[in-house]
Amino acid sequence: MKSRAMKNLFIGAVFGVLTIAGYGQEKNKKISFEVNGKCAMCKERIEEAALGVKGVKYALWDIPTHQLSMIIDERKTNSMEIKTAIVGVGHDTKELKATEEAYESVHPCCKYREDNSDDGQHH
């Protein structure tokens, strides 16, 4: 009888820990971070890269502030996965830099490393 009580106590404890761990991650969390870019073509490329990551539900990149605002499901993704996708299409973040090859693949007017001014009105 004692072993059954111990087994039930153990199962209850495991269930409790798993329940608490599950609540640590949010289904709809708002996050934002800076992404380098210049224009509407950059905006489209950055937003598409973010939305291509499983768990990103909404993405909006603001040209003047360079802020990428998102709603994500933390159970499916995190900011580093999203940043990895963004640098893969040629845009730097504070933590990760695009490879030279990825950066060179962006349109010539999108070359923000030389001039990171807002070209949103020109395209």
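Cut-offs and rules
Residues numbered from 1 in each chain as written. Predicted model: local features only at pLDDT ≥ 70, side-chain atom pairs only at ≥ 80, totals over all residues. Heavy atoms only, no water. Helix = DSSP H or I, 4+ residues; strand = E, 2+ residues; numbered from the N terminus. Buried < 20%, exposed > 50% of the residue type's maximum accessible area, 1.4 Å probe, protein only. Polar contact = N/O pair within 3.5 Å; in protein donor to acceptor, adjacent residues only side chain to side chain. Patch = residues over 30% accessible without salt bridge, like charges linked within 9 Å, V, L, I, M, F, W, Y side chains within 5 Å. Areas by Shrake-Rupley, 256 points an atom, 1.4 Å probe, with all protein chains shown as cover. Salt bridge = Lys/Arg side-chain N within 4 Å of Asp/Glu carboxyl O. Lys, Arg positive; Asp, Glu negative; His and termini not counted. Charge placed at Lys NZ, Arg CZ, Asp CG, Glu CD. Pairing = 2+ DSSP bridges. Axes fitted to C-alpha atoms, helices over the stretch in contact; angles between N-to-C directions. Expected span 1.5 Å × (residues − 1). Contact = heavy atoms within 4.5 Å.

(A) Highlighting the side chain of His91. Mapped onto the elements of the fold, His91 is located in the loop between helix H3 (79–88) and helix H4 (100–104). For His91, a relative accessible area of 0% gives the class buried. For His91, the side chain forms a polar contact with the main-chain oxygen of Asn36, separated by 2.7 Å.

(B) Spatial organisation of a positive patch on the surface. Positive charge collects at one region of the surface, where Lys27, Lys54, Lys57 and Lys76 lie side by side. Relative to the helices and strands, Lys76 resides in the loop between strand S3 (67–72) and H3.

(C) Representation of the sheet that holds S3 in the model. The strand order S1-S3-S2 describes an open sheet built from three strands, whose pairing is antiparallel. What marks the edges here is a single partner per strand, and that holds for strand S1 (29–34) and strand S2 (56–61). Adjacent strand axes in the sheet meet at a mean angle of 20° when their direction is disregarded. In this structure, S2 lies alongside S3, joined through five bridges in antiparallel fashion.

(D) Just the pattern of salt bridges, in detail. Per the stated rule, a full pass over the model turns up seven salt bridges. Glu100 is the partner of Arg113 in a salt bridge, and the nearest nitrogen-oxygen pair spans 3.4 Å. Here Arg113 is found in the segment after H4, whereas its partner Glu100 is found in helix H4, with 13 residues between them in sequence. Glu104 is the salt-bridge partner of Lys111, the closest N and O atoms lying 3.5 Å from each other. When salt bridges that share partners are traced, they join Asp92, Glu100 and Arg113 into one network.

(E) Here's a closer look at helix H2 (residues 40–51). Compared with the 16 Å implied by 1.5 Å per residue over twelve residues, the 16 Å span of H2 between its first and last C-alpha is a close match. Within H2, the full set of buried residues consists of Cys42, Arg45, Ile46, Glu47, Ala49 and Ala50. Packed against the buried residues of H2 are S2, S3 and H3.

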